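Structure assessment
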Amino acid sequence: MIKFYNAFFFFVVFFLFGTTLYSQEPVHDPSTIIKGDDNRYYVFSTGDGVYGLSSSNSNFTNFKEEPTPLSKTNYPSWIDSYVTNFEGNFWAPDIIYMNGYYYLYYSASSFGTSRSVIGVTRTESLSSPNWQDQGMVVSSNGGRSEINAIDPALFKDDDGRVWMSYGSFHGGIGIIEIDPNTGKTIGALSHLVGGNHQDYEAPFIMKNDGYYYLFINRGKCCDLLKSTYYVTVYRASSVTGPYSGARTFLTSQNGNIVGPGHIGYNENTLSFHYYDGFSNGYPRLFTTTLSFENGWPVAGDLGVEFGRVNGKYALIAKHSNKAMTLEDLPPINGVNIMQSEYISDDMQKFLITNEEGNWHSIKSLANNEVALDVFEISQDDGANINLWEYWGGAGQQFALMKEGEDEYRLINRNSNRCVDVANASHSDGANILQWGCFKVAPQQTFKLINLEATSIENFNMEDVDIYPNPSNGIFTIKIDSPNGHIQLFNGMGDLVFEDYVTDSYKVVNSGLKSGIYIVKITTEKGVSSRKLIIK
């Protein structure tokens, strides 16, 4: 793990003392989950010292903090002879049970260099721990081509042999055998993947049906919602490789799950950390299942569902029932986006196109050369959204995260932030911008109204006359057949008025506010519909 740890720990302190948490404690770079001698489940992670949690179940739906195996201020003195300027923040531990002991492997490093060390401590019990440090396992001395001695991950093969993979950037990822009697290395170090300071780190190895699977993190870590961490997986027929066939296992953004990292699998549970898009990037532990399809691992349910949408739509904010609207016509570069009462105007009609995977463009239907665009490709809260010529940039693409029937969050590909109505306003003219996603936020949820499905252009209107049209809400309906049923629907398809006609004429006082409505009249001759404008 290389990156922004000072920023990470400031963020943790801010959230611990600055707001009320509604989910787990901070978990970053988690170990594999292990079952302890008390039948509780344990996980250890990056922290001041080493951070530990336990739970009654492997999904960690409840948890308690455990004593740290290593103290920030009272750590083994031998570390200082390998790592200069070490401040007691141990990174990315892992744990394994061997021959009566729980062995916890940890890493210490000089920030931004490969001057690092992996050590090990052990205890016979996790419920009543007595951690005894066993000293150095591997080290690296700062060379650019060295396997950086951080991010240890332990793997026990079917034959009982134990292996430790590790590494980050610099010389890539390596693997070495571990003596299960001592917890120390035996044999030679083998290079697996990466090198030349490429973004390879946080390895994890598992085995299934004769194949070894190597999981690796790529991208940028530890920058909250700006993180681009994602997980790839390779396959080999030998634990030491060669590994090939790299493919993406977890993408960098899955709804509120941003920058997933440090894969682990044990106790039938897949675990990793992520930055929570619902709490401005707070780091959390995620647990789910893992299965195999066509010889490759597949992550279980991530708790989010995406739509892949193509068509002509109006977008109605859930909290205000008002439509996303262009502030002006013609739709050209720089036109601002706001909300206003839905009147089925051209300024409120958009073309949504599934461009790639979960990512969509949202273009003005009146000019499909321009699309919604986050101003200056910003990743910040409050960045404005306006129209700009579509060029396929990440600031112009949005994932549609399902919230309900035809309801979605629009999450920007570049910022991992939600399209939002400023200040949750209910007023016409309120600005549309981006903001960190909230767990419950109707001002960030939009109902998609399919304009093609609600079109009335092809309905038969020969037997119906409505006048005056436009009207002030009072109008006359003339029909050729008596005994008709009148229904008025707003642009979202909601029934807002109904009445019955017992003669050829009917004066209707609808009491409706300004807008565009569909009048549906059912008689013995059939159904007719017509557009009605109320001013």
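Computed from a prediction, not measured in an experiment: that's the story for all the values here.

Here we look at the layout of surface pockets
- Of the voids in this model, the largest pocket is the one considered here, and its volume is about 480 Å³.
- Taken together, 25 residues line the largest pocket, and the ones lying closest to its centre are Thr251, Ser252, Gln253, Asn254 and Asn358.
- Those elements giving two or more residues to the lining of the largest pocket turn out to be strand 16 (244–250) and strand 17 (253–254).
- Per-element tally for the lining of the largest pocket: the top contributor is strand 16, with 3 residues.
- Of the residues belonging to the lining of the largest pocket, the class tally is 8 nonpolar, 13 polar and 4 charged.

Points about the confidence of the model for the chain
- With 92% of its residues at a pLDDT of at least 70, the chain reaches an overall mean of 89.
- Note on residues 2–23: pLDDT under 50 across the span, and 49 contacts to partners over four residues away in sequence or across chains.
- In the model, residues 455–461 has pLDDT below 50 throughout and makes 9 contacts with residues more than four positions away in sequence or in other chains.

Remarks on unusual backbone geometry
- Of note, the bond from leucine 329 into proline 330 is cis; its omega dihedral lies within 30 degrees of zero at 5°.
- Cis geometry is found at the peptide bond from tyrosine 467 to proline 468, where omega equals -10°.
- When you line up the elements, proline 468 lands in the loop between strand 36 (464–467) and strand 37 (474–479).
- Phi is positive for aspartate 29, which is not a glycine, with a value near 55°.
- Among the secondary structure elements, aspartate 29 is positioned in the loop between helix 1 (5–18) and strand 1 (34–35).

Digging into the state of the cysteines
- In the structure shown here, the tally under the stated rule is 2 disulfides.
- At a sulfur-sulfur separation of 2.1 Å, the disulfide partner of cysteine 221 is cysteine 222. Residues cysteine 221 and cysteine 222 are joined through a disulfide that is right-handed, its torsion about the S-S bond being 70°.
- Assessed through its relative accessible area of 4%, cysteine 222 is described here as buried.
- The disulfide bridge from cysteine 418 ends at cysteine 437, spanning 2.1 Å between sulfur atoms. Of note, the bridge from cysteine 418 to cysteine 437 carries an S-S torsion of about 100° and is right-handed in sense. Within this pair, whereas cysteine 418 is found in strand 33 (residues 418–421), its partner cysteine 437 is found in the loop between strand 34 (432–435) and strand 35 (446–450), the two being separated by 19 residues in sequence. Residue cysteine 418 shares its accessibility class with cysteine 437, and that shared class is buried.
- Counting only the cysteines that form disulfides, in the order they appear in the chain, gives the pairing 1-2, 3-4.

Details of the sheet that holds strand 40 (residues 505–509)
- Pairing is antiparallel in the open sheet, where 3 strands are placed in the order 36-37-40. What marks the edges here is a single partner per strand, and that holds for strand 36 and strand 40. Each strand of the sheet is rotated relative to its neighbour by a mean of 20°, with strand direction disregarded.
- In this structure, strand 36 lies alongside strand 37, joined through 4 bridges in antiparallel fashion. Its bridge partner being in strand 37, isoleucine 466 is matched across the sheet by isoleucine 477.

Quick notes on the pattern of salt bridges
- Across all of its chains, the model carries 16 salt bridges by this definition.
- The partner of glutamate 177 in a salt bridge is arginine 161, with the nearest N and O atoms 2.8 Å apart. Of this pair, glutamate 177 sits in strand 11 (residues 173–178) while arginine 161 sits in the loop between strand 9 (153–156) and strand 10 (162–166), placing them 16 residues apart in sequence.
- For glutamate 177, a relative accessible area of 14% puts it in the buried group.
- A salt bridge links lysine 349 to aspartate 346, with the nearest nitrogen and oxygen atoms 3.7 Å apart.
- Connected through salt bridges with shared partners, the residues Asp157, Asp158 and Lys207 form a single ionic network.

Considerations on the pairing of strand 14 (residues 211–218)
- By the criterion of burial, strand 14 is predominantly enclosed, with 7 of the 8 residues buried.
- Across 6 bridges, the pairing between strand 13 (residues 201–208) and strand 14 is antiparallel. Directly across from glutamate 201, in strand 14, lies its bridge partner asparagine 217.
- Pairing between strand 14 and strand 15 (residues 230–236): 7 bridges, direction antiparallel.

Focus on empty space enclosed by the protein
- For the coordinates displayed, the defined rule picks out 2 cavities of 30 Å³ or more.
- Taken as a whole, the largest cavity spans an internal volume of roughly 110 Å³.
- Looking at the largest cavity, it is lined by 16 residues, and the ones nearest its centre are Pro30, Pro152, Pro203, His262 and Ile263.
- When residues of the lining of the largest cavity are traced back to their parent elements, those giving at least two are strand 5 (91–98), strand 13 and strand 18 (257–266).
- Its residues placed into classes, the lining of the largest cavity shows 9 nonpolar, 4 polar and 3 charged.
- The volume enclosed by the second largest cavity comes to roughly 40 Å³.
- Every residue lining the second largest cavity is listed: Tyr42, Phe44, Glu66, Pro67, Leu126, Pro129 and Trp131.

Quick notes on the rules
Residues numbered from 1 in each chain as written. Predicted model: local features only at pLDDT ≥ 70, side-chain atom pairs only at ≥ 80, totals over all residues. Heavy atoms only, no water. 1 Å grid on protein atoms, 1.4 Å probe; cavity = no way out; pocket = protein on both sides within 12 Å on 5 of 7 lines; lining within 4 Å. Points joined across faces, edges and corners; volume = space filled by probe spheres on them. Helix = DSSP H or I, 4+ residues; strand = E, 2+ residues; numbered from the N terminus. Nonpolar A, V, L, I, M, F, W, Y, C, P; charged D, E, K, R; others polar. pLDDT = per-residue confidence, 0-100. Contact = heavy atoms within 4.5 Å. Disulfide = S-S within 2.5 Å. Buried < 20%, exposed > 50% of the residue type's maximum accessible area, 1.4 Å probe, protein only. Pairing = 2+ DSSP bridges. Axes fitted to C-alpha atoms, helices over the stretch in contact; angles between N-to-C directions. Salt bridge = Lys/Arg side-chain N within 4 Å of Asp/Glu carboxyl O.

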